[in-house]
Amino acid sequence: IAGITQAPTSQILAAGRRMTLRCTQDMRHNAMYWYRQDLGLGLRLIHYSNTAGTTGKGEVPDGYSVSRANTDDFPLTLASAVPSQTSVYFCASRERGSGPYEQYFGPGTRLTVT
Amino acid sequence: AQTVTQSQPEMSVQEAETVTLSCTYDTSENNYYLFWYKQPPSRQMILVIRQEAYKQQNATENRFSVNFQKAAKSFSLKISDSQLGDTAMYFCAFTGLLNYGGSQGNLIFGKGTKLSVKP
């Protein structure tokens, strides 16, 4: 594979359940990001990781957690899902550095919380 | 905090004609990067064009070009000879230099413009 994969492609989840969205990249990029896309709001940053072992909070982190045990994987966990977390989730990665590096996006996960 | 504004929620254009999508942004930084991303119905995010703020020359990629006005903080996208495959959501995005002004290298997106190309 080349690029970023996300799993699952889509999911319907009952409120209160725990869910982990998976993200794997094979480009050896240090920086990775999770965004959520909502109609009329564009994409907003949830969490980021500049290198393995470090993570940080973005614009809308509440209700989400991430980990970065290695370079390739960056899972996003919803500890107790709520309907407002219904969204499309994108994982992205880029080269670390100050250049105008392109962010590569995964295909997204459509999550519906009922 | 940086913000990106796209004031046109929806636009349409006839095939083979030219269309311009508007984007304005706000930042106190002097060096930064601007992007236009395309999201077709497949949902995939595709980079269309990028502009480095310290370059005065407007970026061009085939039928896509930008009009970058740094003083006005404006970054519009022009699509020439529009094709049916250009139908998509277009997002303008900003990123600061990593570790400058609090930037983590993430993209700050506008809310998007839905472009329909009509045959």
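Colleague: Explain the overall build of chain B to me, please; I cannot follow it from the model alone.
Modeller: Each helix and strand counted, chain B has 0 helices and 12 strands in total. When the helices and strands of chain B are placed in sequence order, the string is β-β-β-β-β-β-β-β-β-β-β-β. Taking 14 Å as the expected radius of gyration for a compact globule of 119 residues, we find that chain B reaches 14 Å, a close match to that expectation. On the principal axes, the C-alpha backbone points of chain B span a range of 45 × 30 × 20 Å.

Colleague: For this particular structure, what's the right way to read the overall build of chain A?
Modeller: Of the regular secondary structure elements, chain A holds 0 helices and 11 strands. Each helix (α) and strand (β) of chain A, taken in turn from the N terminus, gives the series β-β-β-β-β-β-β-β-β-β-β. Computed over the C-alpha atoms, the radius of gyration of chain A is 13 Å, within 12% of the 13 Å expected from 2.2 N^0.38 for a compact globule of 114 residues. Counting only C-alpha atoms and orienting by the principal axes, one finds that chain A spans roughly 40 × 30 × 25 Å. Per-residue burial for chain A yields a buried fraction of 50% across its 114 residues. Contacts in chain A between residues at least 24 apart in sequence constitute 54% of all its contacts with a sequence separation of at least 6. Roughly 5,100 Å² of accessible area belongs to chain A as shown, and the carbon and sulfur atoms make up 49% of that amount. Positive and negative charge centroids in chain A, built from 11 and 8 side chains respectively, lie 7 Å apart.

Colleague: So what exactly am I meant to see when it comes to unusual backbone geometry here?
Modeller: Excluding glycine, most residues fall at negative phi; most peptide bonds, likewise, are trans. Residue and element names in this part refer to chain A. Cis peptide bonds are those with omega within 30 degrees of zero, and the linkage from Ala7 to Pro8 qualifies with -5 degrees. Relative to the helices and strands, Pro8 is located in the loop between β1 (4-7) and β2 (10-13). Despite not being glycine, Arg28 shows a phi value in the positive range, around 60 degrees. Mapped onto the secondary structure, Arg28 falls in the loop between β3 (19-25) and β4 (31-38).

Colleague: Would you mind going over the sheet that holds β1 of chain A with me for this structure?
Modeller: Strand pairing in a sheet relies on backbone hydrogen bonds, with the paired strands running either antiparallel or parallel. Residues and elements named next belong to chain A. With antiparallel pairing, 4 strands are arranged side by side in an open sheet as β1-β3-β8-β7. Whereas interior strands pair on both sides, the edge strands pair on one side only; in this sheet they are β1 and β7 (64-66). Along the sheet, successive strands turn relative to each other by an average axial angle of 20 degrees, direction set aside. Relative to strand β8 (residues 76-78), β7 runs antiparallel, the two being bridged by 3 bridges. Following the sheet pairing, Val66 is matched in β8 by Leu76.

Colleague: Just to check I follow, could you spell out the packing of aromatic side chains for this structure?
Modeller: The way to describe two aromatic rings as a pair is by their centre distance and the angle between their planes. Taken as a whole and judged by the stated rule, the model has 15 aromatic pairs over all chains. These aromatic residues form a ring-pair network of at least three members: Tyr33, Tyr35, Phe90 and Phe105 of chain A together with Phe35, Tyr37, Phe91 and Phe109 of chain B. Here Arg68 of chain A stacks its cationic end above the ring of Phe74 of chain A, 5.9 Å away from the centre of that ring.

Colleague: What is the right way to read the state of the cysteines from this model?
Modeller: Each disulfide is one covalent bond, formed between the sulfur atoms of two cysteines. All names here are of chain B. Summed over the entire model, instances satisfying the criterion amount to 2 disulfides over all chains. Between the sulfur atoms of Cys23 and its disulfide partner Cys92 the distance amounts to 2.0 Å. On the sign convention where negative means left-handed, the S-S torsion of about -70 degrees between Cys23 and Cys92 marks this disulfide as left-handed. Taken together, the residues span a long stretch of sequence, with Cys23 in the loop between β3 (19-21) and β4 (24-26) and Cys92 in strand β10 (residues 88-96) at a distance of 69 residues. According to the relative accessible area criterion, Cys23 is buried, its value standing at 1%.

Colleague: Looking at this structure, how should I read the interface of chain B and chain A?
Modeller: By a widespread convention, an interface's size corresponds to the accessible area lost as its parts come together. Counting residues at the interface gives 21 residues for chain B, matched by 28 residues for chain A. Across the chain B to chain A interface the summed buried area is about 2,100 Å²; carbon plus sulfur atoms make up 53%. At the junction of chain B and chain A, the tally comes to 10 residue pairs in polar contact (both at pLDDT 80 or more). Every element with two or more residues in the side of chain B that touches chain A is listed here: β5 (32-39) and β6 (46-52) of chain B.

Rules of the game
- Residues numbered from 1 in each chain as written.
- Chains lettered and ligands numbered in written order.
- Predicted model: local features only at pLDDT ≥ 70, side-chain atom pairs only at ≥ 80, totals over all residues.
- Heavy atoms only, no water.
- Helix = DSSP H or I, 4+ residues; strand = E, 2+ residues; numbered from the N terminus.
- Rg over C-alpha atoms; globule rule 2.2 N^0.38 Å.
- Buried < 20%, exposed > 50% of the residue type's maximum accessible area, 1.4 Å probe, protein only.
- Contact = heavy atoms within 4.5 Å.
- Areas by Shrake-Rupley, 256 points an atom, 1.4 Å probe, with all protein chains shown as cover.
- Lys, Arg positive; Asp, Glu negative; His and termini not counted.
- Charge placed at Lys NZ, Arg CZ, Asp CG, Glu CD.
- Pairing = 2+ DSSP bridges.
- Axes fitted to C-alpha atoms, helices over the stretch in contact; angles between N-to-C directions.
- Phe/Tyr/Trp six-rings, centres within 6.5 Å; stacked < 30°, edge-to-face > 60°.
- Lys NZ or Arg CZ within 6 Å of the ring centre and 35° of its normal.
- Disulfide = S-S within 2.5 Å.
- Buried area = accessible area lost by both parts, 1.4 Å probe.
- Polar contact = N/O pair within 3.5 Å; in protein donor to acceptor, adjacent residues only side chain to side chain.

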